[in-house]
Amino acid sequence: MTTPYVIGIGNAIMDVIAPTSDASLARLGIEKGIMQLIDRDRAEVLTGAQAAENEKSRLVPGGSVANTLAGLGMMGLRTAFIGRVAGDPLGLSYAEQTEASGTVFVNPPVAGEVLPTSRSIIFVTPDGERSMNTYLGISAELGTDDVNPATFSGADWLFLEGYLFDKDMGKAAFLKAADACHKAGGQAGIALSDPFCVDRHRDGFRRLVAGPMDYVIGNVHEWTSLYQVTDLEEALRLASADCGTVICTRSGEDAILIRGDERVTAPVNRIVPVDATGAGDQFAAGLIYGLATGAPLAVAGRMGCIAAAEVIGHVGARPESDLKTAFRAEGLI
Ligand SMILES: Nc1ncnc2c1ncn2[C@@H]1O[C@H](COP(=O)(O)OP(=O)(O)OP(=O)(O)O)[C@@H](O)[C@H]1O
Ligand SMILES: [Mg+2]
């Protein structure tokens, strides 16, 4: 079998990890321990403040689908990422680091008068708490011009993130990409990303799930929001009538996977997370690895659970240990 080729489209967000003090947090007026969306002016103030305090804040490329692709790359699959960054230092570093990690960064940083590169400035206080300040910037402006059908030659899998579904131009880009992927003989899927995002665009998401998506991943809140029901089983029944492969993660409880008449669960060995960031993204990586390599549905689900558990076992949103070794240890490969 040739190495499966996975293309992802998502927000390209640089994580700026800045160690800081409680006094500085207070001075900057940052509420501790939460994720706050910030505007361009505030982003500039905080970017400057962290640079003044730190010789070198750590710059780590992030974003939901980008993190999934990083995981898939580490598992040995061929990966390419479509996302928008500006030609500023953060954007150039994002593109360079993505390529260095083995994922093709398809479109070059956008030059000229554009919004700055998206960033999440993460202030880390000595107690380990993370206070995130996210500026959405240029990456949320992804549109059809960013999707070149030629990129999809040889594509086996396409993976999208619900977050980019917030704007009409993102929706149009997804439809164009799914079409190009199908023409190449590949399968297209999405992670619903967030129950509030689903709530804002319910009709559009439903059309997408019932239409071009071959597989869809959501958590309990996202699936029940999509179908506006309180009962998860009812939501999954409606989902599986709409879509070929439906996957529901349930945090510390077994994940549920439904493909046509087949329904399986993937057991989760519950742990206390060190840093809960990125569980869903790495679940997706393990799952897609399994599906792309032809593993049985239950095995693919279990691979997702193993990858997710690895990433919440340490700080940071990308895997640190060799997941294929973990898959092998459980006899999955
Ligand atoms: N406490 C836990 N122990 C072990 N595994 C966990 C735990 N919490 C989550 N996971 C793993 O992560 C997967 C995804 O978790 P969850 O259902 O919370 O997704 P999510 O809400 O999309 O996550 P995220 O916060 O990354 O968006 C689960 O299916 C499970 O495999
Ligand atoms: Mg999630």
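Residues numbered from 1 in each chain as written. Chains lettered and ligands numbered in written order. Predicted model: local features only at pLDDT ≥ 70, side-chain atom pairs only at ≥ 80, totals over all residues. Heavy atoms only, no water.

### Quick word on the environment of Trp223
For Trp223, the location among the structural elements is in helix H8 (residues 220-227). For the pair Trp223 and Val45, spaced 178 residues apart in sequence, the C-alpha to C-alpha distance is 38 Å. Beyond its immediate stretch of four places on either side in the chain, Trp223 contacts Leu192, Val216, Ile217, Gly218, Leu232, Ala235, Leu236, Ala239, Val246, Ile247 and Cys248. (Helix = DSSP H or I, 4+ residues; strand = E, 2+ residues; numbered from the N terminus. Contact = heavy atoms within 4.5 Å.)

### Section: the UniProt feature "domain: Carbohydrate kinase PfkB" (unreviewed entry) in the protein chain
Look at the UniProt record and you will see "domain: Carbohydrate kinase PfkB" (unreviewed entry) annotated at residues 48-319. Segment residues 48-319 splits into 40% helix and 21% strand. End C-alpha atoms: 29 Å apart. (UniProt positions renumbered as here; feature names shortened; annotations may be inferred.)

### Focus on unusual backbone geometry
Despite not being glycine, Gln228 shows a phi value in the positive range, around 50°. Turning to its location among the elements, Gln228 is positioned in the loop between H8 and helix H9 (232-242). Among the residues examined, Gln228 registers a relative accessible area of 56% and is labelled exposed. Even without a glycine there, the phi angle at Ser251 is positive, about 50°. Here Ser251 lies in the loop between strand E12 (245-250) and strand E13 (253-259). (Buried < 20%, exposed > 50% of the residue type's maximum accessible area, 1.4 Å probe, protein only.)

### Some thoughts on the packing of helix H3 (residues 64-74) against helix H10 (residues 279-292)
Remark: H3 packs on H10, axes separated minimally by 8 Å, with the N-to-C direction vectors making an angle of 45°. Looking at the two axes, H3 sits oblique to H10. Along this stretch, H3 crosses H10, giving a crossing that reads as right-handed. Each of Ser64, Asn67, Thr68, Gly71 and Leu72 in H3 lies in contact with H10, whose residues at this interface are Asp281, Gln282, Ala284, Ala285, Ile288 and Tyr289. Tallied by class, residues from the contact of H3 with H10 come to 5 nonpolar, 5 polar and 1 charged. (Axes fitted to C-alpha atoms, helices over the stretch in contact; angles between N-to-C directions. Parallel < 35°, antiparallel > 145°, perpendicular 65-115°, else oblique. Left-handed = near helix turned anticlockwise from the far one by under 90°. Nonpolar A, V, L, I, M, F, W, Y, C, P; charged D, E, K, R; others polar.)

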